[in-house]
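Structural features, examined
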Amino acid sequence: MTTFYSEFQKALVSVDCIIFGFDNNKLKILIGRRNMDPGRGEWSLYGGFVRSDESLDEAADRTLLGLTGLRNVFMRQVGAFGAVKRDPGERVISVAYYALINVKDYDDRLRQAHGVEWVEVDKIPEMYSDHQEMIARARKLMRQKMKTEPVGFELLPSLFTLTQLQRLYEAVNGEEIDKRNFRKRIKEMDFIEKTELIDKTTSKRGAALYRFNKRAFTEDAKFKL
């Protein structure tokens, strides 16, 4: 331990993970009851303190892996939250990250073990500290990202119907999309491939299943939904 900067007050740094999922045509977020003071029992995001031997991204990856057991998850930094009295315990600066996962990939036993729940983003209860602000900012960033990049497929199973895809974008944007125009745009995208498989879970006739071809997609590909 060095004596550099000893004249300055120290602050703790934490990461908070805003984990989005899509289930039953609803955009959801993973939250739980806080099990430590201050704020014990309040609804909270899942997070942790940054260790001295890891970067912010490494701390976020570790926190996400511990909660979900999933690796190589799409995750982006939302920003830093550093209001002086945001944490009544200590001076804590938190860096928030949002992640997109397929709910079906998440082992429900692990969810139960951590005591977290999937809650619809439009029905989020009052949250600890500034976590509500973190969620709002993350949703805004995700909405912007999904307009120009195919990150929404991170929330869907590998095979999906066009109705599922449309419902996802409606849930994220909070508004209905014209079905005809939406499907017209989809047909213009070579990297969204129609398969020979049929989903018959919702009707006898069934609906064609599609998949996202990552190899066919490039940064120059036309993507705008």
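Note: the structure precedes this text.
Figured I'd write up the structure that's included with this text. Just so it is clear, the structure is predicted and the values come from calculations on it, not from any experiment.

1. What to know about the overall build of the chain
Looking only at helices and strands, the chain has five helices and nine strands in total. With the principal axes as the frame, the chain shows a C-alpha extent of 70 × 40 × 30 Å. A buried classification covers 42% of the 225 residues belonging to the chain. Looking at the chain alone, contacts between residues at least 24 apart form 66% of all its contacts between residues at least 6 apart.

2. Digging into the pattern of salt bridges
One pass over the full model with this rule turns up 13 salt bridges. Note that Arg109 and Asp107 form a salt bridge whose closest N and O atoms lie 3.0 Å from each other. The class of Arg109 is exposed, set by a relative accessible area of 65%. Connected through shared salt-bridge partners, Asp23, Lys28 and Lys104 make up one network.

3. As for the packing of helix 4 (residues 162–173) against helix 5 (residues 179–187)
The N-to-C vectors of helix 4 and helix 5 enclose an angle of 110°; their axes lie 11 Å apart at closest approach. Classified by the angle between their axes, helix 4 and helix 5 sit roughly perpendicular to one another. Taken as a pair, helix 4 and helix 5 cross one another with a handedness that is right-handed. Of the residues in helix 5, those touching helix 4 at Leu162, Thr163, Leu165 and Gln166 are Lys179, Phe182, Arg183 and Ile186.

4. Brief notes about helix 4
One turn of the α-helix equals 3.6 residues, which is why residues spaced by three or four share an orientation. Relative to the 16 Å expected for 12 residues at 1.5 Å per residue, helix 4 spans 17 Å between its end C-alpha atoms, a close match to the ideal helical length. Regarding helix 4, the residues found buried are Leu162, Leu165, Gln166, Leu168, Tyr169, Glu170, Ala171 and Val172. Summarising the contacts, the buried residues of helix 4 are in contact with strand 1 (12–23), strand 2 (26–33), helix 3 (131–148), helix 5, strand 8 (192–199) and strand 9 (207–212).

5. So, a negative patch on the surface
Taken together, the side chains of Asp53, Asp57, Glu58 and Asp61 define an acidic patch exposed on the protein surface. One can find Asp61 in helix 1 (residues 56–68).

6. Points about the packing of aromatic side chains
Scanning the entire structure with this criterion turns up seven aromatic pairs. Centre to centre, the rings of Phe74 and Tyr98 are 6.1 Å apart; their planes meet at 55°, and the pair counts as tilted. Of this pair, Phe74 sits in strand 5 (residues 74–81) while Tyr98 sits in strand 6 (residues 92–100), placing them 24 residues apart in sequence. Given a relative accessible area of 9%, Phe74 falls into the buried group. Using a relative accessible area of 2% as the deciding quantity, one classes Tyr98 as buried. Ring geometry for Tyr106 against Trp118: centres 6.3 Å apart, planes inclined by 85°, an arrangement best described as edge-to-face. Note that Tyr106 is positioned in the loop between strand 6 and helix 2 (108–114) and Trp118 in strand 7 (residues 116–120), a separation of 12 residues in sequence. Like Trp118, Tyr106 is buried. One aromatic cluster is present, formed by Phe153, Phe160, Phe191 and Phe212 through successive ring pairs. Seen from the ring of Tyr128, Arg34 lies directly overhead, with NZ or CZ sitting 4.1 Å from the centre.

7. Brief notes about the pairing of strand 6
Most of strand 6 is tucked away, with eight of its nine residues classed as buried. Bridge analysis of strand 1 against strand 6 gives nine bridges, and the strand direction is parallel. Residue pairing for strand 6: Phe20 is matched across the bridge by Leu100. Bridging between strand 5 and strand 6 involves seven bridges; their strand directions are antiparallel. Bridging from a neighbouring strand, Phe81 pairs with Ser94 of strand 6.

The rules behind the values
Residues numbered from 1 in each chain as written. Predicted model: local features only at pLDDT ≥ 70, side-chain atom pairs only at ≥ 80, totals over all residues. Heavy atoms only, no water. Helix = DSSP H or I, 4+ residues; strand = E, 2+ residues; numbered from the N terminus. Buried < 20%, exposed > 50% of the residue type's maximum accessible area, 1.4 Å probe, protein only. Contact = heavy atoms within 4.5 Å. Salt bridge = Lys/Arg side-chain N within 4 Å of Asp/Glu carboxyl O. Axes fitted to C-alpha atoms, helices over the stretch in contact; angles between N-to-C directions. Parallel < 35°, antiparallel > 145°, perpendicular 65-115°, else oblique. Left-handed = near helix turned anticlockwise from the far one by under 90°. Expected span 1.5 Å × (residues − 1). Patch = residues over 30% accessible without salt bridge, like charges linked within 9 Å, V, L, I, M, F, W, Y side chains within 5 Å. Areas by Shrake-Rupley, 256 points an atom, 1.4 Å probe, with all protein chains shown as cover. Lys, Arg positive; Asp, Glu negative; His and termini not counted. Charge placed at Lys NZ, Arg CZ, Asp CG, Glu CD. Phe/Tyr/Trp six-rings, centres within 6.5 Å; stacked < 30°, edge-to-face > 60°. Lys NZ or Arg CZ within 6 Å of the ring centre and 35° of its normal. Pairing = 2+ DSSP bridges.

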